[in-house]
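Breakdown of the fold
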Amino acid sequence: MELDEMKGKKAVDEKFCPDCGEIIKARAEICPKCGIRQMAPPSSVNMAPNGKSKIAAALLAFFLGGFGVHKFYLGQIGQGIIYLLFFWTFIPAIIAFIEFIILITMSDETFNARFGSA
């Protein structure tokens, strides 16, 4: 490739500055051309691709699990309705506590695989 053809094409570890359009390193904090601070990439710690949080699901299971709130949060509407129908028996609360422990100990990869598309 000639130098003119390579100009304007970015490498895998590069990005375009959203303010001036200059090609900069993907990890650059400040654009060397315009001096504008770059936004940090969104943190995806404990987050599935659809934005569901493992910690939020676990806390919902712990505090409101007897009513099935964590099931509704994770997109399992049918199971959430069953929890609501039988909450007075306290069986859903016991199951929700077990699910709380499972969610807390579950790896991020497993959580994303199970609940990432819900």
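Look above for the structure.
Residues numbered from 1 in each chain as written. Predicted model: local features only at pLDDT ≥ 70, side-chain atom pairs only at ≥ 80, totals over all residues. Heavy atoms only, no water.

**A look at the environment of Lys 71**
Counting through the fold element by element, Lys 71 comes out in helix H3 (residues 69–73). Note: C-alpha distance between Lys 71 and Ala 61 (10 residues apart in sequence) is 8.1 Å. A distance of 2.8 Å separates polar atoms of two side chains, one belonging to Lys 71 and the other to Gln 79. (Helix = DSSP H or I, 4+ residues; strand = E, 2+ residues; numbered from the N terminus. Polar contact = N/O pair within 3.5 Å; in protein donor to acceptor, adjacent residues only side chain to side chain.)

**Describing the nonpolar core**
The biggest cluster of nonpolar side chains holds 10 residues, and these are Ala 48, Ala 57, Ala 58, Ala 61, Leu 74, Phe 100, Leu 103, Met 106, Phe 111 and Phe 115. Looking at this core, the elements that each hand over two or more residues are helix H2 (54–64), helix H5 (91–105) and helix H6 (108–115). Ala 58 has contacts with Phe 100, Leu 103 and Ile 104, leaving out every residue within four places of it along the chain. (Core = buried A, V, L, I, M, F, W, Y, C linked by side-chain atoms within 4.5 Å. Buried < 20%, exposed > 50% of the residue type's maximum accessible area, 1.4 Å probe, protein only. Contact = heavy atoms within 4.5 Å.)

**Describing the environment of Pro 92**
Note on placement: Pro 92 falls in helix H5. Residue Pro 92 is classed as buried on the basis of its relative accessible area of 5%. Along the sequence, Pro 92 and Phe 67 sit 25 residues apart, while their C-alpha atoms lie 7.2 Å from each other. The contact partners of Pro 92, leaving out residues within four places of it in the chain, are Gly 65, Gly 66, Tyr 83, Phe 86 and Phe 87.

**Re the packing of aromatic side chains**
Per the counting criterion, the structure on display carries 6 aromatic pairs. Relative to Phe 63, the ring of Phe 62 has its centre 4.9 Å away and its plane inclined at 90 degrees; by these criteria the two rings are edge-to-face. Measuring from ring centre to ring centre gives 4.8 Å for Phe 62 and Phe 100, while their planes differ by 50 degrees; the resulting arrangement is tilted. Linking Phe 62 in helix H2 with Phe 100 in helix H5, this pair joins segments that are 38 residues apart in sequence. An aromatic cluster of at least three residues, connected via ring pairs, comprises Phe 62, Phe 63, Phe 97 and Phe 100. One residue, Lys 52, lies across the ring of Tyr 73, its end atom 4.7 Å from the ring centre. (Phe/Tyr/Trp six-rings, centres within 6.5 Å; stacked < 30°, edge-to-face > 60°. Lys NZ or Arg CZ within 6 Å of the ring centre and 35° of its normal.)

**Quick word on the state of the cysteines**
Under the criterion given, the structure shown has 0 disulfides. Here Cys 17 is not cross-linked by a disulfide; its sulfur's nearest cysteine counterpart is in Cys 34, at 3.7 Å. Looking at Cys 20, it has no disulfide partner, and the nearest cysteine sulfur is the one in Cys 31, 3.6 Å off. (Disulfide = S-S within 2.5 Å.)

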